[in-house]
Amino acid sequence: SQQGEEDPQALSIQEGENATMNCSYKTSINNLQWYRQNSGRGLVHLILIRSNEREKHSGRLRVTLDTSKKSSSLLITASRAADTASYFCATRLSGGYNKLIFGAGTRLAVHP
Amino acid sequence: EAQVTQNPRYLITVTGKKLTVTCSQNMNHEYMSWYRQDPGLGLRQIYYSMNVEVTDKGDVPEGYKVSRKEKRNFPLILESPSPNQTSLYFCASREGQDSYNEQFFGPGTRLTVL
């Protein structure tokens, strides 16, 4: 199975609500990144959190990292219809291993 | 505008007919990579390149070749495509070799092999 796995696989909410997506991973990481993908398009980097950080903010995004539980969460506050997309976590393993490993993603639908 | 471009965006071909998907970036990035995206599997890395003339296999390299003769270009070659290579392909690049830098993705190439 994959290093990073997002939960839930799909999420449907109303505009204005908050959306929370989770990512779990198996081995020690150097950093964890979240990406967004609009349908059939390329991925866009949202935020990176290092293994020694616990929380990070960027606009309406809040990312947390719990290395003891090997998990991260992405919170989108006051969601908008334009936030409808798939969200992926990507982990870089520790120990000089240079590539990013992507999870299967969470499909978020925000309804007006 | 800083970007990663891929061509073609859509391609339908037949089994065994060699094809090349081009990738070019204008950000002077050292690192470039190819991924394929399949439903339920996320992105899987095919090949990557740390710099000119330096390439290495990713997780699913079988059936693919790459080359990095120039810093800006990183073409993906399918010598003899098969139906199991039907997928959505993304090229990506990033500055430097360390993954603390964000990756920039191309728009994707949707390939169908009949």
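Use the structure listed above.
Here the structure is a predicted model, which is why all the values come from computation and not from measurement. (Residues numbered from 1 in each chain as written. Chains lettered and ligands numbered in written order. Predicted model: local features only at pLDDT ≥ 70, side-chain atom pairs only at ≥ 80, totals over all residues. Heavy atoms only, no water.)

### Thoughts on the sheet that holds strand E7 (residues 65–66) of chain B
All names here are of chain B. Cut-off, in case you're wondering: Two strands qualify as a pair provided DSSP detects at least 2 bridges between them. Here a strand is any run of E in DSSP of at least two residues, a helix any run of H or I of at least four, and the numbering for each starts at the N terminus.
One open sheet accounts for 4 strands, arranged E1-E3-E8-E7; its pairing is antiparallel. If you trace the sheet from one side to the other, it starts and ends with strand E1 (4–7) and E7, each paired once. Looking at chain direction, E7 and strand E8 (residues 76–78) are connected through 2 bridges and run antiparallel. If you follow Lys65 over to E8, its bridge partner there is Ile77.

### What about the side chain of Ser24(B)?
Residues and elements named next belong to chain B. Cut-off, in case you're wondering: A 3.5 Å cut-off defines polar contacts: any pair of N or O atoms within that distance qualifies, except that in protein one atom must be a possible hydrogen donor and the other a possible acceptor, and neighbouring residues in sequence count only when both atoms are side-chain atoms. Any two residues having at least one pair of non-hydrogen atoms within 4.5 Å are treated as being in contact.
Take Ser24: it is sitting in strand E3 (residues 19–25). Only 3.4 Å separates the side chain of Ser24 from the side chain of Arg72, close enough to count as a polar contact. At a separation of 3.1 Å, a polar atom in the side chain of Ser24 contacts the side chain of Asn73. Setting aside anything within four residues of it in sequence, one finds Ser24 in contact with Gln3, Val4, Thr5, Arg72 and Asn73.

### Things to note about unusual backbone geometry
Threshold: Three exposure classes are used, based on accessible area relative to the maximum for each residue type with a 1.4 Å probe and protein chains only: buried under 20%, partly exposed in between, and exposed over 50%.
Here the bond from Asp7(A) into Pro8(A) is cis, since omega is 0°, no more than 30 degrees from zero. Among the secondary structure elements, Pro8(A) is positioned in the loop between strand E1 (4–7) and strand E2 (10–14). The omega torsion of the bond from Asn7(B) to Pro8(B) falls at -5°, within 30 degrees of zero and hence cis. Looking at the secondary structure, you find Pro8(B) in the loop between E1 and strand E2 (10–13). One non-glycine residue, Lys70(A), lies in positive phi territory at about 50°. Structurally, Lys70(A) can be placed in the loop between strand E7 (61–66) and strand E8 (71–76). For Ala78(A), which is not a glycine, the phi torsion comes out positive at approximately 45°. Following the sequence through the fold, Ala78(A) ends up in the loop between E8 and strand E9 (85–93). The class of Ala78(A) is partly exposed, set by a relative accessible area of 39%.

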